[in-house]
Amino acid sequence: MAAAAAAAVATTGERPFDDEAHMREALVEADCAAARHEVPVGAVFIDVDDRTVVARGHNLTNNAMNGARHAELEAVDVLMASVGGAEALARLRRSRLYVTLEPCVMCASALAKVGVASVAFGAWNDKFGGAGSALALHDGWRSAPADAGALREAALRSPYAGRVAPVWPMAGGGVATSASASASTSGIEGEAREPGAWHRYPVVGGVLKGACIEVLKRFYEGGAEGAAAGEV
Ligand SMILES: [Zn+2]
C-alpha cells in the first residue's frame, strides 16, 4: 500500500499544479476575512494527488481576539477538529498550501511541524515572513535573518524547490516520503521522525501577487479598524 501511495505521488508530482486557480480559492477566503473586518488573508490546502480542497481558512485574529488565529492555523485547526489529529496530519502531509500572504514566522514553523508537502504564497510578508523574508523556516530552523533578498534567492535555489514529496529522516536511519510516512500505522507520523529533525518544504512566492496585494490595499485604504492586526 505504501508503495502504491508513493507511486501515486511520484506520478502526480510530474503534473504541475494550477497555482493561479488554487490561489483564487485562497483569495475567496481572504474576501471572507475582509467581510468580517479582518485583515484579508486566506488559505487553502490542496491534496497533491486529486487536487481537492483538504482544508480552508481565513484570518480571524480580531473576531477571536487572538493574534495566533492566522488563516493557515485556522485551516489546520478546523481540519483537526473535523477528522481528528492523526488523520488531519496525514492529509496535511499530502497537501500543498496556497496562502495569499507569505506565512509569518509562527505559521512557517507550524507548517514544518505538521509536515506540509509544499507552499505557494501570493504577497511577500517583508516584516514577519517566515518563508524567505525575515526567516527561511521552510528550509531549516537554523536560518538567520541576514539579508532578506539573499534568503529569497536561496529559497528559490533550494534543492527542495518544486518537489512535491519531500524526504525527511526517520528514526532508525531510514527515510520516508510524505506518502510512505502517511501510510504508516504509527498514528501521528511526526512521532516516527527523528527527534529534532526539521521538515523542510518547498516554497514558491508571488502567485497572483498583484491580486493578493490589492485585497490588502483595499482593506487598509478603507480605513479598517484593527489595522494594527495587519502585522501578520
Ligand atoms: Zn501566520
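Residues numbered from 1 in each chain as written. Predicted model: local features only at pLDDT ≥ 70, side-chain atom pairs only at ≥ 80, totals over all residues.

Here the focus is the overall build of the chain. Within the chain, the regular secondary structure consists of nine helices and seven strands. The buried share among the 232 residues of the chain stands at 45%. Within the chain, contacts between residues separated by at least 24 positions form 61% of all contacts whose residues are at least 6 apart in sequence. (Helix = DSSP H or I, 4+ residues; strand = E, 2+ residues; numbered from the N terminus. Buried ≥ 20, exposed ≤ 12 C-beta atoms within 10 Å, placed from the backbone. Contact = placed C-beta atoms within 7 Å.)

The strand order across the open sheet formed by five strands is 2-1-3-4-7, and the pairing between neighbours is mixed. Since the sheet does not close on itself, it has two edges, and those belong to strand 2 (53-58) and strand 7 (203-204), each with one partner. Pairing between strand 1 (residues 42-47) and strand 3 (residues 95-101): five bridges, direction antiparallel. Along strand 3, the bridge assignment pairs Ala43 with Val99. Where helix 4 (residues 71-83) meets the sheet, it contacts strand 1, strand 2 and strand 3, and its direction lies at approximately 130° from that of strand 2. (Pairing = 2+ DSSP bridges. Axes fitted to C-alpha atoms, helices over the stretch in contact; angles between N-to-C directions.)

What follows covers the nonpolar core. As a rule of thumb, soluble globular proteins bury nonpolar side chains together. Membership of the largest hydrophobic core comes to 53 residues, with the highest contact counts inside it found for Tyr98, Val99, Leu111 and Val119. Residues within four places of Val99 in sequence aside, it is in contact with Ala26, Val41, Ala43, Ala71, Glu72 and Phe121. (Core = buried A, V, L, I, M, F, W, Y, C linked by C-beta atoms within 7 Å.)

So, on to unusual backbone geometry. Even without being glycine, Arg51 reaches a positive phi, approximately 65°. The residue Arg51 is located in the loop between strand 1 and strand 2 in this model. Although it is not a glycine, Leu208 sits at a positive phi angle of roughly 50°. Turning to its location among the elements, Leu208 is positioned in the loop between strand 7 and helix 9 (209-221).

When pLDDT is averaged across the chain, the result is 78; 66% of the residues are at 70 or more. Taken as a whole, residues 1-12 scores under 50 in pLDDT and shows 22 contacts with residues more than four places along the chain or in a different chain. With pLDDT under 50 throughout, residues 226-231 is counted as low confidence; its partners more than four residues away or in other chains account for 10 contacts. (pLDDT = per-residue confidence, 0-100.)

To continue, consider the environment of Val78. Locating Val78 in the fold gives a position in helix 4. Val78 sits in the partly exposed class, given 14 other C-beta atoms within 10 Å. C-alpha separation for the pair Val78 and Ala88, spaced 10 residues apart in sequence, amounts to 9.4 Å. Excluding anything up to four places from it in sequence, Val78 contacts Ala55 and Gly57.

Let us now look at the pairing of strand 1. Burial of strand 1 is extensive: five of the six residues sit out of reach of the surface. Pairing between strand 1 and strand 2: five bridges, direction antiparallel. What sits directly across from Phe45, in strand 2, is Ala55. As consecutive antiparallel partners, strand 1 and strand 2 are separated by five residues, and within that stretch Arg51 has a phi angle of approximately 65°, a positive value.

A word on helix 2 (residues 19-35). Three- or four-residue spacings in an α-helix give side chains the same orientation, since the helix completes a turn every 3.6 residues. Counted at 1.5 Å a residue, the expected span for helix 2 with its 17 residues is 24 Å, and the 24 Å between its end C-alpha atoms agrees. Those residues of helix 2 that sit buried are His22, Met23, Ala26, Leu27, Glu29, Ala30, Ala33 and Ala34. The buried residues of helix 2 occupy one face: seen down the axis, they fall within an arc of 160°. Away from its buried face, by an angle of more than 90 degrees, helix 2 presents the exposed residues Ala21 and Ala35. At its buried positions, helix 2 is contacted by strand 1, strand 2, helix 4, strand 3, strand 4 (118-123) and helix 9. (Expected span 1.5 Å × (residues − 1). Arc of directions from axis to C-beta.)

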